[in-house]
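Per-entry structural report
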Amino acid sequence: MANPKFTAEEALAFHLEPTPGKFEITATVPMTTQRDLSLAYSPGVAVPCLAIQDNPETAYDYTNKGNLVAVVSNGTSVLGLGNLGALASKPVMEGKAVLFKRFADVNSIDIELDTEDADEFCKAVRLMGPTFGGINLEDIKAPECFIIEQRLKEEMDIPVFHDDQHGTAVICAAGLINALHLSGKKIEDVRIVLNGAGAAGIACLELLKTMGARHENTMMCDTKGVIYQGRTEGMNQWKTAHAVITDRRTLADALDGADVFLGVSAKGAVTQEMVASMAPNPVIFAMANPDPEITPEEAHAVREDAIIATGRSDYPNQVNNVLGFPYLFRGALDVHARAINDEMKIACAEALAALARLDVPDEVNMAYGRKLSFGRDYIIPAPFDPRLIHMIPPSVAQACMDTGAARRPITDMEAYEASLKARMDPTASIMRSINARARNAQARMIFAEGDDLRVLRAAVQYQRAGMGKALVVGRSDDVKAKLTGAGMADAVDELEIVNAANTPHLEQYRNFLYDRLQRKGFDRHDISRLASRDRHVFASLMLAHGHGDGLITGATRKSAYVLELINHVFDADAEHGVAGVTALMLKGRIVLIADTLVQEWPNENDLADIAERAATVARNLGLEPRVAFVSFSTFGYPKSERAEKMHRAPTVLEKRGVDFEFEGEMTVDVALNPAAQEAYPFQRLTGPANILIVPARHSASISVKLMQEMAGATVIGPILSGLDHSVQICSSTATATDIVNMAVLAACKVG
């Protein structure tokens with residue numbers, strides 16, 4: 001999976017819209033009536049205040065302390081950009097905060113301290129201690145990062161964790177456990193060379209020594225060469241702790257005969273000659289970003305037996321900190337930890353290593369577009385493996401309890417694991433999965449409406465995100481003018497612009513269309529005009545002839561009108577079983593509603609067809625279908641002729657012997673609420689429905705728009721299902737992001 005490309009304008013727009021920044025605060029309790037306000041503030045708030053004064057531990061019960069982490073920085077070492085200062089580091093810290101929420105449902109607030117004085121920094125963080133359940137230090141330069149973390153660990157009674165150091169160390173350790181397992185070596189026997197004696201490098205070596213690596217078998221290098229006993233140049237107390245007795249002086253000397261190389265240094269630091277000199281089955285973790293010390297291609301050219309990891313997502317075995325810090329804090333917070341100790345970090349590494357050895361779920365395989373299994377190219381789990389949330393934190397929590405660092409031990413670990421599964425946001429994993437699948441598909445996507453700036457922005461984003469090739473239907477001068485006016489002139493040469501005037505296939509398109517429409521009231525003049533002047537028809541003809549892999553249209557016209565035009569080229573109508581399925585995403589839930597586009601008033605057989613189409617879409621999104629045929633009645637009451645077809649449709653599916661759950665007719669609350677389902681013990685759904693089949697297109701449209709406007713649900717679709725080709729029709733109110741999402745769905749062929 002390639003690293004996405006984007007312009008400065010796109011990055012700024014992402015942080016500006018729809019509101020400045022990347023997150024907001026929302027209330028978790030009612031705040032509507034006077035009584036609500038009295039309970040939330042004065043006088044009701046006095047009761048928990050007094051309870052906490054009497055027993056400080058109850059702060060974890062009555063406040064958000066137990067699920068709140070501060071991401072704290074002074075901006076002295078921001079990414080690879082250097083000392084940008086506190087204010088300029090805020091976008092990075094906001095980003096870290098939303099990663100906590102996205103991956104482990106940990107609430108997080110970014111705090112930027114405007115000081116480079118370690119004493120002032122420590123005092124400020126220490127004084128904020130009562131607010132938080134944990135402190136994540138970020139982007140602080142060495143050696144202050146060592147001083148600050150050590151002091152805060154000693155002075156505070158909540159976890160303090162510098163992710164730049166220990167996050168990399170934990171994932172590196174997880175990968176090394178599996179690499180040594182595959183190569184048949186033991187950590188206490190291997191000779192390890194580390195290049196890059198900064199915060200991350202020192203933390204990596206210290207953790208591996210805690211896990212059993214012998215001091216005399218390790219060697220640390222920096223820009224001056226090997227760190228040996230007696231060296232004085234460029235030394236400090238942290239480097240000195242890892243100095244060894246040796247006559248080797250250069251990285252090349254150190255790597256001669258080494259079993260393991262760990263790199264957190266710079267591009268090109270390792271040569272092929274160095275790799276060739278290493279021991280059999282060498283382990284090479286070239287983790288420099290954005291470019292590794294040596295690429296896997298370069299290393300494998302001289303050592304086919306090497307096991308290689310990098311920090312990049314476009315190579316196997318990515319050492320990615322997001323596999324560690326969210327789940328470390330999740331486990332620590334859930335036992336009200338006093339600290340994150342070495343045992344907890346090792347437990348995290350071992351759990352990650354064990355997860356990589358398990359069978360890989362289908363949704364992860366779908367995201368990569370290939371079957372993954374434990375081996376040389378898969379020693380570290382994928383970041384979007386859905387099992388991370390319920391497999392890593394329990395191991396961390398158990399280690400915390402075993403070492404006495406837990407204030408409130410977990411007594412029922414099975415129930416805890418179940419609660420972690422419930423925290424998983426399926427919408428996040430679904431969107432990550434389909435984006436990854438689209439990058440693997442590399443589909444040539446046809447954007448039919450190149451005269452619309454939203455569509456042009458979407459086409460540029462699709463291509464720069466590494467999804468595939470964007471083919472824009474439009475006039476070159478018009479496209480250039482619109483992109484230039486939007487500050488995206490550099491994108492003009494990236495897009496392939498197609499129209500009737502520059503395609504060599506126009507006559508072929510006309511003949512094809514005439515064969516389809518000659519008995520439907522169209523003469524050759526009509527066909528010529530349609531093929532050469534109507535962008536929706538022209539784009540459809542491109543797709544029909546294999547001159548693209550998917551089609552996105554509808555942003556400038558009503559969906560029904562666009563569907564009629566597409567139907568000139570494809571059999572995109574109710575008669576051929578085509579349906580529109582709309583996905584609603586809200587508060588971690590996803591529900592599909594159908595048919596929202598094609599069939600006006602379907603009968604019971606049509607409804608069964610629609611259900612099968614929707615089930616196909618659900619499975620392509622990574623969901624196991626549970627279909628509910630919804631009405632204003634539940635299992636025959638109240639009786640109504642209009643509800644009768646919803647009552648009969650499940651019988652049609654029974655006769656077809658479909659392989660997914662279905663039930664009906666029922667009201668929406670029964671379909672979506674397990675508690676309401678308990679009133680009907682005979683019903684067949686094993687949980688809340690994730691597909692709602694509605695009586696008519698107008699009721700589908702009303703439902704979707706009501707949820708969008710009143711509840712703020714994210715709407716994706718309608719997803720056109722049932723065509724032999726991948727076509728998706730956007731809403732006329734779609735944003736550029738909405739259009740990109742539809743293009744991704746088209747690339748994944750979810751219909």
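Above this text is the structure in question.
1. Notes on the packing of aromatic side chains
Summed over the entire model, instances satisfying the criterion amount to 10 aromatic pairs. Centroid distance Phe-635 to Tyr-680: 5.4 Å. Interplanar angle 55°. Geometry classified as tilted. Here Phe-635, found in the loop between strand S17 (626-630) and helix H27 (641-656), pairs with Tyr-680, found in the loop between helix H29 (674-677) and strand S19 (691-693); they are 45 residues apart in sequence, far enough to count as distant. Looking at Phe-635, the relative accessible area reads 21%, which means it is partly exposed. Grouped by ring-pair contacts, the aromatic residues Phe-100, Phe-161, Phe-325 and Phe-329 constitute a single cluster. Across from the ring centre of Phe-325, 4.2 Å away, lies the NZ or CZ of Lys-96, which sits over that ring.

2. Considering the side chain of Asp-36
Here Asp-36 lies in helix H2 (residues 34-40). Buried charged residue Asp-36 carries no salt bridge. Nearest counter-charge: Arg-35, at 5.2 Å. Among residues more than four places away in sequence, those in contact with Asp-36 are Pro-30 and Met-31.

3. Observations concerning unusual backbone geometry
Pro-43 follows Ser-42 through a cis peptide bond whose omega is 5°. Positionally, Pro-43 belongs in the loop between H2 and helix H3 (46-54). Each neighbour pair has its own omega, and for Tyr-637 with Pro-638 the value is -5°, a cis peptide bond. By secondary structure assignment, the location of Pro-638 is in the loop between S17 and H27. In this structure, Asp-105 is a non-glycine residue whose phi angle is positive, near 55°.

4. Some details on helix H15 (residues 342-356)
Over its 15 residues, H15 extends 21 Å from the first C-alpha to the last, a length consistent with the 21 Å expected when each residue adds 1.5 Å. With 11 of 15 residues buried, H15 lies mostly within the body of the structure. Here H15 has its buried residues at Met-344, Lys-345, Ile-346, Ala-347, Cys-348, Ala-349, Ala-351, Leu-352, Ala-353, Leu-355 and Ala-356. Looking at the buried residues of H15, the elements they touch are strand S4 (160-162), helix H8 (163-183), helix H9 (199-210), helix H14 (325-334) and helix H17 (388-402). By the N-cap criterion, in which a side-chain oxygen at the helix start approaches the backbone nitrogen of a residue two or three places on, H15 is capped by Asn-341, the distance to Glu-343 being 3.2 Å.

5. Some words on the sheet that holds strand S18 (residues 661-666)
Overall, mixed pairing links the 6 strands, which are arranged S18-S17-S19-S16-S15-S20 in an open sheet. At either end of the open sheet lies a strand with only one pairing partner, and these are S18 and strand S20 (714-721). Adjacent strand axes in the sheet meet at a mean angle of 20° when their direction is disregarded. Across the sheet, helix H30 (residues 697-711) lies against strand S15 (579-586), strand S16 (589-594) and S20, angled at about 20° from S15, the strand it touches most.

6. Some remarks on the side chain of Ser-633
With respect to the helices, strands and loops of the structure, Ser-633 is situated in the loop between S17 and H27. Taking relative accessible area as the criterion, Ser-633 reaches 1% and is therefore assigned buried. In contact with Ser-633, not counting residues within four places along its chain, are Pro-638, Ala-643, Glu-665, Met-666 and Thr-667.

7. Side note on the nonpolar core
In terms of nonpolar packing, the biggest core is built from 97 residues, with Val-72, Ile-135, Leu-137, Leu-262, Phe-285 and Leu-352 touching the most fellow members. Look past the residues within four positions of Val-72 in its chain and what remains in contact with it is Ile-111, Leu-113, Phe-121, Val-125, Ile-135, Asn-136, Leu-137, Glu-138 and Ile-140. Core analysis: the second largest hydrophobic core is formed by 68 residues, Ile-434, Ala-459, Met-467 and Leu-607 among them.

8. Thoughts on the packing of helix H6 (residues 118-127) against helix H7 (residues 144-155)
In the contact formed by H6 and H7, the axes pass within 10 Å of each other and the chain directions differ by 35°. In this structure, H6 crosses over H7, and the sense of that crossing is right-handed. Only Ile-147, Ile-148, Arg-151, Leu-152 and Glu-155 of H7 make contact with H6, whose side of the interface consists of Ala-118, Asp-119, Phe-121, Cys-122, Val-125 and Arg-126. When grouped by side-chain class, the residues that make up the contact of H6 with H7 number 7 nonpolar, no polar and 4 charged.

9. Examining a nonpolar patch on the surface
Residues Val-29, Met-31 and Leu-37 make up a contiguous nonpolar surface patch of roughly 250 Å² in combined accessible area. Within the secondary structure, Met-31 sits in the loop between helix H1 (8-16) and H2. You can call Met-31 partly exposed: its relative accessible area is 41%.

10. Notes on the packing of H8 against H9
Helix-helix packing is characterised by the crossing angle of the two axes and by the distance between the axes. For the pair H8 and H9, the least separation of the axes is 8 Å and the interaxial angle reads 45°. On the basis of the axis angle, H8 is oblique to H9. Relative to H9, the crossing made by H8 is right-handed. Here H8 contributes Asp-164, Gln-165, His-166, Thr-168, Ala-169, Val-170, Cys-172, Ala-173 and Leu-176 to the contact with H9, which in turn contributes Ala-199, Ala-200, Ala-203, Cys-204, Leu-207 and Leu-208. Taken together, the residues of the contact of H8 with H9 sort by class into 11 nonpolar, 3 polar and 1 charged.

11. A short note on the sheet that holds strand S9 (residues 283-286)
Strand order in this open sheet of 6 strands is S7-S6-S5-S8-S9-S10, and the pairing throughout is mixed. Edge strands, defined here as strands with exactly one partner in the open sheet, are strand S7 (225-226) and strand S10 (307-310). Summarising the sheet, S9 and S10 pair through 4 bridges and their orientation is parallel. Residue pairing across strands places Phe-285 opposite Ala-309, the latter belonging to S10. Sheet strands touched by H8: strand S8 (260-263), S9 and S10. Its angle to S9, the strand with the most contacts, is close to 160°. Contacts from H9 reach strand S5 (192-195), strand S6 (218-222) and S8, with the element oriented near 160° to S5.

Reading the values: the criteria
Residues numbered from 1 in each chain as written. Predicted model: local features only at pLDDT ≥ 70, side-chain atom pairs only at ≥ 80, totals over all residues. Heavy atoms only, no water. Phe/Tyr/Trp six-rings, centres within 6.5 Å; stacked < 30°, edge-to-face > 60°. Helix = DSSP H or I, 4+ residues; strand = E, 2+ residues; numbered from the N terminus. Buried < 20%, exposed > 50% of the residue type's maximum accessible area, 1.4 Å probe, protein only. Lys NZ or Arg CZ within 6 Å of the ring centre and 35° of its normal. Lys, Arg positive; Asp, Glu negative; His and termini not counted. Salt bridge = Lys/Arg side-chain N within 4 Å of Asp/Glu carboxyl O. Contact = heavy atoms within 4.5 Å. Expected span 1.5 Å × (residues − 1). Polar contact = N/O pair within 3.5 Å; in protein donor to acceptor, adjacent residues only side chain to side chain. Pairing = 2+ DSSP bridges. Axes fitted to C-alpha atoms, helices over the stretch in contact; angles between N-to-C directions. Core = buried A, V, L, I, M, F, W, Y, C linked by side-chain atoms within 4.5 Å. Left-handed = near helix turned anticlockwise from the far one by under 90°. Nonpolar A, V, L, I, M, F, W, Y, C, P; charged D, E, K, R; others polar. Patch = residues over 30% accessible without salt bridge, like charges linked within 9 Å, V, L, I, M, F, W, Y side chains within 5 Å. Areas by Shrake-Rupley, 256 points an atom, 1.4 Å probe, with all protein chains shown as cover. Parallel < 35°, antiparallel > 145°, perpendicular 65-115°, else oblique.

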